[in-house]
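One letter stands for each residue in the lines below.
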Amino acid sequence: MTLVEITGLTAGYLRDGKVVPAITDVDLRVRAGEIVALVGESGSGKSTTAHAIIGLLPESGRVTGGSIRVGGTEIVGAPEKLVRSLRGSRVGLIPQDPMVGLNPTQRIGAQVAEAVRLRGVRGPDVARETLDILRAAGLDDPEHRVHRYPHELSGGQRQRVLIAIALAGKPDLLIADEPTSALDVTVQARILDHLESLVRETGTALLIITHDLAVAADRADRVVVMRQGRVVESGTPTEILADSDNAYTRRLIAAAPALAHGGVLRPRFEPPPDAGEEVRPILELDCVTKEFRSRGRRGERVTAVDRVSLRVAPGRTHAVVGESGSGKTTALRIAMGLTPPTSGTVRFDGTDITGLSWRRVRPLRRRFQLVHQNPFAALDPRFTVRESVIEPLVSFGIGDRAERRARAAELLDQVALPRTFLDRLPAELSGGQRQRVAIARALAPRPEVVLLDEPVSALDVSVQDQILDLLTDLQQRLGLAYLFVSHDLAVVARIAHSVSVFEHGRIVESGATATIFRAPAADHTRRLLAAVPGRRTRAHRTERALT
């Protein structure tokens with residue numbers, strides 16, 4: 001049975017009195033019990049298509065042609081009351097960002113219960129169904145977690161609450177809009193495993209919106225590829241990955257680190273030969289421990305980082321990988337001097353900077369800079385690109401006005417942005433362009449070390465590919481050392497010479513990336529590698545090799 005049938009759909013957004021097309025002549029069908037993945041880069045129209053199905057286009061959105069039938073009911077031009085009646089009961093939405101999708105002032109139990117009541121459930125049945133739905137969504141220990149606020153849960157737990165809210169209406173179709181893009185690979189795998197099992201067990205259909213072709217290939221029965229508002233290709237994962245002759249699809253596959261080599265991770269850098277004198281590290285953490293006092297439990301202390309040692313060599317990239325809560329970001333903050341360690345030593349270029357005051361460490365600060373995770377939050381929306389890039393120069397008192405302006409232009413050349421962007425505001429830039437500006441700003445004071453905190457996790461795979469190539473090129477040209485924090489092992493394989501794998505605040509193994517990825521010694525590393533999307537590609541490649 002066809003649950004959703006879209007024919008010739010054309011829609012856009014009202015700007016200056018005109019509708020600017022976002023999608024054109026889109027055809028799409030989703031059947032009961034089927035998983036369909038809608039894949040494309042930012043601006044491809046995939047989210048517009050999904051939101052049109054559920055009647056949630058923004059106020060400026062306009063459907064200008066075509067048909068959308070949900071359960072046989074035409075919703076294009078239908079009264080809002082009719083569309084609202086389908087929302088939740090026939091079609092449920094799992095939004096991308098759990099911190100935006102959940103009310104931070106309400107306990108999660110109350111938020112799920114509200115969705116249960118909308119289905120007409122009353123009295124003590126509400127509490128019982130709330131627990132049942134949270135359990136069905138895969139949330140562990142729901143009896144206790146119903147009393148928690150969203151900020152008291154991990155990213156994966158919050159995503160499961162969003163799944164529970166979507167399930168509360170018992171819909172025929174779930175739309176999951178980038179449901180795991182900000183999650184660790186192991187958490188991502190568990191969430192997607194759970195969604196897949198719900199589809200197989202209940203007959204609910206699933207429409208996954210994603211920029212990650214590896215995720216789509218692993219999970220979907222059919223993959224629909226969109227580009228510039230149009231469907232360019234549709235087929236089974238095998239047809240798309242192995243037999244596609246569409247140039248755009250092939251570029252998406254080549255840009256995805258987990259798919260580029262048939263689903264096999266191939267570290268970019270081979271381990272150095274055993275012989276040779278060891279280079280003195282530019283940045284070093286030696287047996288560093290960090291403890292925090294736990295909230296609400298008097299006297300109890302939590303160890304976030306436990307006797308961690310790592311070294312970053314000049315001109316090389318050392319990656320720190322691990323799940324959320326593994327201690328990798330705390331280690332980065334300690335290396336940056338933003339969080340003091342409870343014990344242990346931090347050295348920069350041979351100088352012990354552990355416990356130094358802000359005033360005493362400031363002369364060294366221009367020599368190591370930070371690139372944040374989120375390019376949309378990293379830049380002041382009121383600053384032009386020029387003002388953002390020269391901000392560190394002003395802060396450190398480097399150069400006069402003319403020299404700073406010249407340096408800003410030079411930096412945009414280095415990160416491959418047109419100089420005409422200097423007068424633009426962040427709102428006028430794409431995510432990848434903003435991240436290039438953030439990298440340019442970090443390079444402004446000519447640092448020797450750049451610390452990168454998940455710098456590509458918020459970007460499309462093709463944009464990720466461009467930023468990783470940029471970082472590698474800058475490293476080779478400028479001799480930069482990188483401390484690169486990531487949960488994405490496919491990205492780490494692309495950029496890192498060496499890696500430390502974190503689990504529960506400790507390093508479970510460390511060494512050359514190629515050595516560890518090809519022959520991991522720790523069970524945790526093997527689990528992380530097994531969770532990297534692209535398993536269907538690997539299986540298909542093996543199957544073809546045997547035939």
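Residue numbers here run from 1 along each chain, matching the order of that chain's written sequence. Side-chain atom pairs in this predicted model are given and counted only at pLDDT of 80 or more, local residue features only at pLDDT of at least 70, and totals for whole chains, interfaces and linings cover all residues. With hydrogens and water set aside, each side-chain value is computed from the structure's full complement of heavy atoms.

Give me the overall build of the protein: which residues, what numbers.
Secondary structure elements are defined from DSSP: runs of H or I of at least 4 residues count as helices, runs of E of at least 2 residues count as strands, and each element is numbered from the N terminus. Scanning the protein from terminus to terminus reveals 22 helices and 20 strands. To get the radius of gyration, use the C-alpha atoms; to get the globule rule, take the number of residues to the power 0.38 and multiply by 2.2 Å. Taking 24 Å as the expected radius of gyration for a compact globule of 547 residues, we find that the protein reaches 25 Å, a close match to that expectation. Oriented by its inertia axes, the alpha-carbon framework of the protein measures out at about 70 × 55 × 55 Å. Should any heavy atoms of two residues lie within 4.5 Å, those residues are considered in contact. Summarising the internal contacts of the protein: among those between residues at least 6 apart in sequence, 69% fall at separations of at least 24. For the protein, the exposed area adds up to about 24,700 Å²; of that, 49% sits on carbon and sulfur atoms. Computed over 74 positive and 65 negative side-chain charges, the separation of the two mean positions in the protein equals 4 Å. Using the Shrake-Rupley algorithm and a 1.4 Å probe, accessible areas are obtained, with residue cover drawn only from the displayed protein chains. Only four residue types enter the charge count: Lys and Arg as positive, Asp and Glu as negative, with His and the chain ends excluded. Every charge is mapped onto a representative atom, which is NZ of Lys, CZ of Arg, CG of Asp or CD of Glu.

Pulling in residues and values, what's your account of the nonpolar core?
Across soluble globular proteins, you tend to see nonpolar side chains buried next to one another. Side-chain atoms within 4.5 Å link the members of a nonpolar core, which is a set of buried Ala, Val, Leu, Ile, Met, Phe, Trp, Tyr and Cys residues. Each residue is assigned to one of three classes by its accessible area relative to the maximum for its type, calculated with a 1.4 Å probe on protein chains only: buried under 20%, partly exposed between the two thresholds, exposed over 50%. Residues Leu195, Leu213, Ile439 and Phe517 are the most contacted members of the largest nonpolar core, which totals 106 residues. At 8 residues, helix 8 (residues 185-202) tops the list of elements feeding residues into this core. Those residues in contact with Leu195 that lie beyond four places of it in its chain are Ile94, Ile163, Leu174 and Leu206. Ranked by size, the runner-up nonpolar core spans 28 residues in total, among them Ile54, Ile75, Val83 and Met226.

Hey, could you go over the environment of Val63 for me, with residue numbers and the actual values?
Inspection of the secondary structure assignment puts Val63 in strand 4 (residues 61-70). Residue Val63 is classed as partly exposed on the basis of its relative accessible area of 33%. Spatially, the C-alpha atoms of Val63 and Pro21 are 9.4 Å apart, while their sequence positions differ by 42 residues. Residues contacting Val63, with those up to four places away along its chain left out, are Leu9, Thr10, Ala11, Leu57 and Val76.

Give a detailed account of the sheet that holds strand 2 (residues 18-31), specifying residues and quantitative values.
The 4 strands are arranged 2-1-4-5 in an open sheet whose pairing can be described as antiparallel. Two strands close off the open sheet at either side, each with one partner strand: strand 2 and strand 5 (73-74). Two strands are said to pair when DSSP picks up at least two bridges between them. In terms of strand pairing, strand 1 (residues 2-15) meets strand 2 through 10 bridges, oriented antiparallel. Directly across from Ala11, in strand 2, lies its bridge partner Ile23.

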